[in-house]
Protein chains: 2
Amino acid sequence: MQRALSVRSKNKDSHKDPPKHRLQMLNSLRGVERAELSRRLAKLIKTENHAIGAYESAGRERLSIASQLSDWGESTNDDSLSDISDKIGVLLSEIGEQEDLFAQNLEDYRSILKQIRNTEQSVQPSRDNKNKIADEIQKLKYKEPTSPKLVTLEQELVRAEAQNLVAEAQLTNITRQKVKEAYDLHFAATIERAEKQIILAKHGRRLLNYLDDTPVVPGDVRQPFAHGNDARQVLADAEHELQMWQPSLEAVEVNSTGLGSNLMPSEEVARGTSSVADTAGDIASPQSETTSPTHHKPAEGTHLEQATAS
Amino acid sequence: MQRALSVRSKNKDSHKDPPKHRLQMLNSLRGVERAELSRRLAKLIKTENHAIGAYESAGRERLSIASQLSDWGESTNDDSLSDISDKIGVLLSEIGEQEDLFAQNLEDYRSILKQIRNTEQSVQPSRDNKNKIADEIQKLKYKEPTSPKLVTLEQELVRAEAQNLVAEAQLTNITRQKVKEAYDLHFAATIERAEKQIILAKHGRRLLNYLDDTPVVPGDVRQPFAHGNDARQVLADAEHELQMWQPSLEAVEVNSTGLGSNLMPSEEVARGTSSVADTAGDIASPQSETTSPTHHKPAEGTHLEQATAS
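Throughout, a residue's number is its position along its own chain's written sequence, starting from 1. Key to labels: chains lettered from A, ligands numbered from 1, both in the order written. Where totals are concerned, whole chains, interfaces and linings use all residues; where local detail is concerned, this predicted model gives features only for residues with pLDDT of at least 70, and gives and counts side-chain atom pairs only at 80 or more. Calculation of side-chain values draws on the structure's entire complement of heavy atoms; hydrogens and water are dropped beforehand.

Q: Looking at this structure, how should I read the overall build of chain A?
A: Secondary structure follows DSSP: runs of H or I at least 4 residues long count as helices, runs of E at least 2 residues long count as strands, and numbering of each begins at the N terminus. Per the secondary structure count, chain A includes seven helices and zero strands. Each helix (α) and strand (β) of chain A, taken in turn from the N terminus, gives the series α-α-α-α-α-α-α. Burial classes: relative accessible area under 20% of the type maximum marks a residue as buried, over 50% as exposed, and values in between as partly exposed (1.4 Å probe, protein chains only). The proportion of buried residues among the 310 residues of chain A is 52%. Note on contacts: a residue pair qualifies if any of its non-hydrogen atoms lie within 4.5 Å across the two residues. A fraction of 82% describes how many contacts in chain A between residues 6 or more apart in sequence connect residues 24 or more apart. Summed over all atoms, the accessible surface of chain A reaches about 14,300 Å², with 52% contributed by carbon and sulfur. Per-residue and other accessible areas were derived by the Shrake-Rupley procedure at a 1.4 Å probe size, with only the shown protein chains allowed to occlude residues.

Q: What is the right way to read the packing of helix H3 (residues 79-143) of chain A against helix H4 (residues 149-208) of chain A from this model?
A: Helix packing geometry: the angle between the two helix axes and the distance between the axes. All names here are of chain A. Packing of H3 against H4 brings their axes to within 8 Å, and their N-to-C directions diverge by 170°. Judged on the interaxial angle alone, H4 and H3 are roughly antiparallel. In the contact of H3 with H4, the residues fall into 31 nonpolar, 14 polar and 19 charged. Orientation is described by lines fitted to C-alpha atoms, with helices fitted over the stretch in contact, and by angles between N-to-C directions that extend from 0 to 180 degrees. Orientation categories follow fixed angle ranges, with anything under 35 degrees roughly parallel, anything over 145 roughly antiparallel, 65 to 115 roughly perpendicular, and all other angles oblique. Three classes are used, and their members are as follows: Ala, Val, Leu, Ile, Met, Phe, Trp, Tyr, Cys and Pro are nonpolar, Asp, Glu, Lys and Arg are charged, and the others, Gly among them, are polar.

Q: Teacher, can you tell me more about the side chain of Ser82 of chain A here?
A: Within the fold, Ser82 of chain A resides in helix H3. Residues in contact with Ser82 of chain A, not counting those within four places in the same chain, are Gly73 and Glu74 of chain A together with Arg8 of chain B.

Q: Help me understand the packing of H4 of chain A against helix H5 (residues 228-244) of chain A, please; the structure alone is not making it clear to me.
A: Residues and elements named next belong to chain A. Interaxial distance between H4 and H5 falls to 10 Å at its minimum, and their mutual angle equals 170°. The pairing of H4 with H5 is recorded here as roughly antiparallel in orientation. Residues Lys196, Ile199, Leu200, His203, Arg206 and Leu207 of H4 form the contact with H5, whose participating residues are Ala231, Val234, Asp237, Ala238, Glu241 and Leu242. Broken down by class, the residue content of the contact of H4 with H5 amounts to seven nonpolar, one polar and four charged.

Q: I keep staring at the side chain of Ser82 of chain B and nothing clicks. Help me out?
A: With a relative accessible area of 13%, Ser82 of chain B lands in the buried category. In contact with Ser82 of chain B, other than residues within four places in its own chain, are Arg8 of chain A together with Gly73 and Glu74 of chain B.

Q: Got a minute to help me understand the relation of the copies chain B and chain A in this structure?
A: A rotation about an axis combined with a shift along that same axis relates the two copies of the chain. Take chain B, turn it by 180°, move it 0.0 Å along the axis, and it overlays chain A with an RMSD of 0.1 Å. Here the transformation between the copies is reduced to the relation of a two-fold axis. Closest approach to the rotation axis within chain B is made by the C-alpha atom of Ala194 of chain B, at a distance of 2.1 Å. Copies are brought into register by a least-squares superposition over C-alpha atoms of residues with pLDDT of at least 70 in both.

Q: Which parts of the structure should I look at to understand the pattern of salt bridges?
A: Opposite charge on two side chains lets them pair, provided their charged atoms get close. Residues and elements named next belong to chain B. For salt bridges, the criterion is a side-chain nitrogen of Lys or Arg within 4 Å of an Asp or Glu carboxyl oxygen. If you walk through the whole model with that rule in mind, you get 26 salt bridges over all chains. Between Lys178 and Glu181 there is a salt bridge, with its nearest N and O atoms 3.2 Å apart. Linking Lys178 with Glu181, this pair stays in helix H5 (residues 149-208), spanning three residues, or about one helical turn. Under the relative-accessibility criterion, Lys178 is labelled buried at 5%. Judged by relative accessible area, which is 27%, Glu181 ranks as partly exposed. Of the charged contacts, one joins Asp237 and Arg206 as a salt bridge, the two residues approaching to 3.0 Å between their closest N and O atoms. On the criterion of sequence distance, the pair formed by Asp237 in helix H6 (residues 228-244) and Arg206 in helix H5 is long-range, its members being 31 residues apart. Using a relative accessible area of 24% as the deciding quantity, one classes Asp237 as partly exposed. Arg206 sits in the partly exposed class, given a relative accessible area of 30%.

Q: I would appreciate a short explanation of the interface of chain B and chain A in the present structure.
A: Think of interface size as the accessible area that goes away when the parts come together; that is how it is often given. Contact with chain B, which involves 112 residues of that partner, is made by 112 residues of chain A. The buried area of a pairing is the accessible area, by a 1.4 Å probe, that goes missing from both parts when the two are put together, added over both. Summed over both sides, the interface of chain B with chain A buries roughly 9,900 Å², with 59% coming from carbon and sulfur. Contact with chain A buries area across many residues of chain B, yet Arg8, Arg176 and Arg205 of chain B alone supply 9% of it, more than any other trio. Linking chain B to chain A there are 10 salt bridges. For this analysis, a polar contact is any N or O atom pair within 3.5 Å, provided that within protein one partner can donate a hydrogen and the other can accept it, and provided that sequence-adjacent residues contribute only side-chain to side-chain pairs. Connecting chain B to chain A are 48 residue pairs in polar contact (both at pLDDT 80 or more).

Q: I tried to follow unusual backbone geometry on my own but got confused; where do I start?
A: Keep in mind that most residues, glycine aside, have a negative phi and that most peptide bonds are trans. Residue and element names in this part refer to chain A. Located in the positive-phi region is Asn77, a residue other than glycine, with phi close to 55°. By the element assignment, Asn77 lies in the loop between helix H2 (22-75) and H3. Take Asn77: its relative accessible area is 58%, and that puts it in the exposed class.

Q: Help me understand the confidence of the model for chain A, please; the structure alone is not making it clear to me.
A: The predicted coordinates should not be examined in detail at positions where pLDDT is low. Residue and element names in this part refer to chain A. The predicted model of chain A has a mean per-residue pLDDT of 83, with 77% of residues at 70 or higher. Taken together, the stretch residues 12-34 has pLDDT below 50 and engages in 21 contacts with residues farther than four places along the chain or on a different chain. Contacts from residues 268-295, a stretch scored under 50 in pLDDT, to residues over four places away or in other chains number 53 contacts. Listed scores for the predicted complex are pTM 0.81 and ipTM 0.80. Values of pLDDT, the confidence the predictor places in each residue, fall between 0 and 100.

Q: Could you clarify how one ought to interpret H5 of chain A in this entry?
A: Side chains three or four residues apart in an α-helix point the same way, a direct result of the helix having 3.6 residues per turn. Residue and element names in this part refer to chain A. To estimate how far a helix should reach, multiply one less than its number of residues by 1.5 Å. The end-to-end C-alpha distance of H5, which contains 17 residues, comes to 25 Å, matching closely the 24 Å that a straight helix rising 1.5 Å per residue would cover. Turning to H5, its buried residues number three or more, namely Gly228, Ala231, Val234, Leu235, Ala238, Glu239 and Leu242. In a view along the axis of H5, the buried residues occupy a sector of 130°, so they form one face of it. Turned more than 90 degrees off the buried face of H5, the exposed positions are Asn229 and Met244. Here, the arc refers to the directions that run from the helix axis to the C-beta atoms.

Q: Quick question: what am I supposed to make of the packing of aromatic side chains here?
A: Here the distance between the centres and the angle between the planes together describe a pair of aromatic rings. Note on ring pairs: Phe, Tyr and Trp rings are taken, using the six-membered ring of Trp, and paired if centres are within 6.5 Å. Classes follow the plane angle, with under 30 degrees stacked, over 60 edge-to-face and the rest tilted. Within this structure, the stated rule accounts for six aromatic pairs over all chains. For the pair Tyr183 of chain B and Phe187 of chain B, a centre-to-centre distance of 6.3 Å together with 50° between the ring planes defines the contact as tilted. Pair noted here: Tyr183 of chain B and Phe187 of chain B are both in helix H5, with a separation of four residues, about one helical turn. The same class applies to Tyr183 of chain B and to Phe187 of chain B, which are both buried. Pairwise contacts between aromatic rings join Tyr109, Tyr183 and Phe187 of chain A into one cluster. Two conditions define a charge sitting above a ring: the NZ of Lys or the CZ of Arg must be within 6 Å of the ring centre, and it must be within 35 degrees of the ring normal. It is Arg193 of chain A that lies over the ring of Phe102 of chain A; its NZ or CZ is 4.2 Å from the centre.

Q: I tried to follow the environment of Arg62 of chain A on my own but got confused; where do I start?
A: Looking at the element boundaries, Arg62 of chain A is found in helix H2. Sequence spacing of Arg62 of chain A and Leu92 of chain A is 30 residues, and the spatial spacing of their C-alpha atoms is 6.6 Å. Excluding residues that lie within four positions of it along the chain, Arg62 of chain A makes contacts with Leu92 and Gly96 of chain A together with Glu48, Ala51, Tyr55, Leu106 and His186 of chain B.

Q: Looking at this model, I keep getting lost on the environment of Leu140 of chain A. Mind explaining?
A: Within the secondary structure layout, Leu140 of chain A lies in helix H3. Spatially, the C-alpha atom of Leu140 of chain A lies 32 Å from that of Thr119 of chain A, the residues being 21 residues apart in sequence.

Q: Explain the environment of Ala307 of chain A here, please?
A: Mapped onto the elements, Ala307 of chain A comes out in helix H7 (residues 302-308). Note: C-alpha distance between Ala307 of chain A and Pro148 of chain A (159 residues apart in sequence) is 84 Å.

Shown next, in the form of structure tokens:
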């Protein structure tokens, strides 16, 4: 019932096998299963790349439209329209820059998702190895129940299980930490773009009030534009508000500050589980790959600055 | 000086000829000049189509990402992650729907710009005709200063000038009215998208707090997810706030309510300039082409509704 109320794709039940068939699946479809663990997230990361491309494109087109609007306004030989269209253009450019900044922030969010995917990829061999040994034991028990090799294999299995236990703990630790971090960033970026674009759009609406659209009769001459200073002031106000902007977000709680570079709680490692944790040597920490997800502050406000500096 | 402080393209001075060369330009480059009047706006309308396409694409990708996130969360076999990722997915879907709604609103804004372009196109022949007759008179005065045809041409010129006077008045009336209308709509749509996405993103951040990212040691079992009801409540709150959303905009003043379907001030026409206005028969009113620029209310909130109905 709850399933229909989610965005989960409908054919999911066919993917989720009851645990009792798990080993059998691995025997026959090991290659498929290996790809499976990181496949879904890898696809999501790819789709996110397309979304980011769309925002970059929207930002680029907006900048181009801003400049075209200004040029068109000038070509009308109507000084009111010329001035207002140029200043609307400045605000639209800034709105376009905000789309681009949003795309850059999404890129940071995307690189956090990659850290989860990397850990998924690095955990897979540990799962496979454990299952392969268990599988060999099963076969040998059937073919040669008294083989001395069984003892060696049982010892290997214990070690493989210990290693996998670490790998799975690392996976859940990194996954939960990074999901929170990634969507914290994603939602913060959404709010930042929204708040800044609201500032720009509201001042844009103020500008429109300086364009007198009272109809004229043939032969009437339009009054010269009398609101040049007012219009400039609108841009100055927009620039000021944009510079004053600060994020005001409810914090997302983080409980994973004790997560060490080995992806284990750092105190616990010190308190004696280090022997288990040490078996995790081959599970590379993917943290080093990250660029720090700080918000970019690129060309922000430059259109307004240029337009209001005098 | 002020030019450098705008978004106007730098080579504009080469476009803007001093008025004294105007006639000469028309003689030699009439075809180019004819295209000129509506060319700039036609290009802007085309670029805006690309921008709209980018937003549609961003919305589509966001919907796809939302569903992929939910599926991935389920595949982790972690019930906390499964529940939270599905609900983040619902909010992301709604954010995607808002991108799409924004694109539809931009489409309406774009169709208002088309009305200006159509008037520009329909005014061009009137300008051309007036210039052509003036041009013929010039030539004839040089070649046959006593030609009786000159009298006829002078009469034609007076009629052409009267017609053009109407056309130019119509053009300035429709242009100023529609620029205000178009950017009123554009900025209102920007604010609507922003305010709604802020609602969704803020609730998204609340959801993240229900995902416990305290690291575990190998062998630890994660606690069952205890915040199912809280997470559902977040979606219900988001849905409620989205439904309660109302635009709260400072109005853009409109002075062109007296603009008749002949693009003249309707009272003025009645008061006696009707003979002049009537010559405007061949300047088609482009207003009939418009779809009314009301805000679309499409599938908005459906993801949340589905997810919170129980």
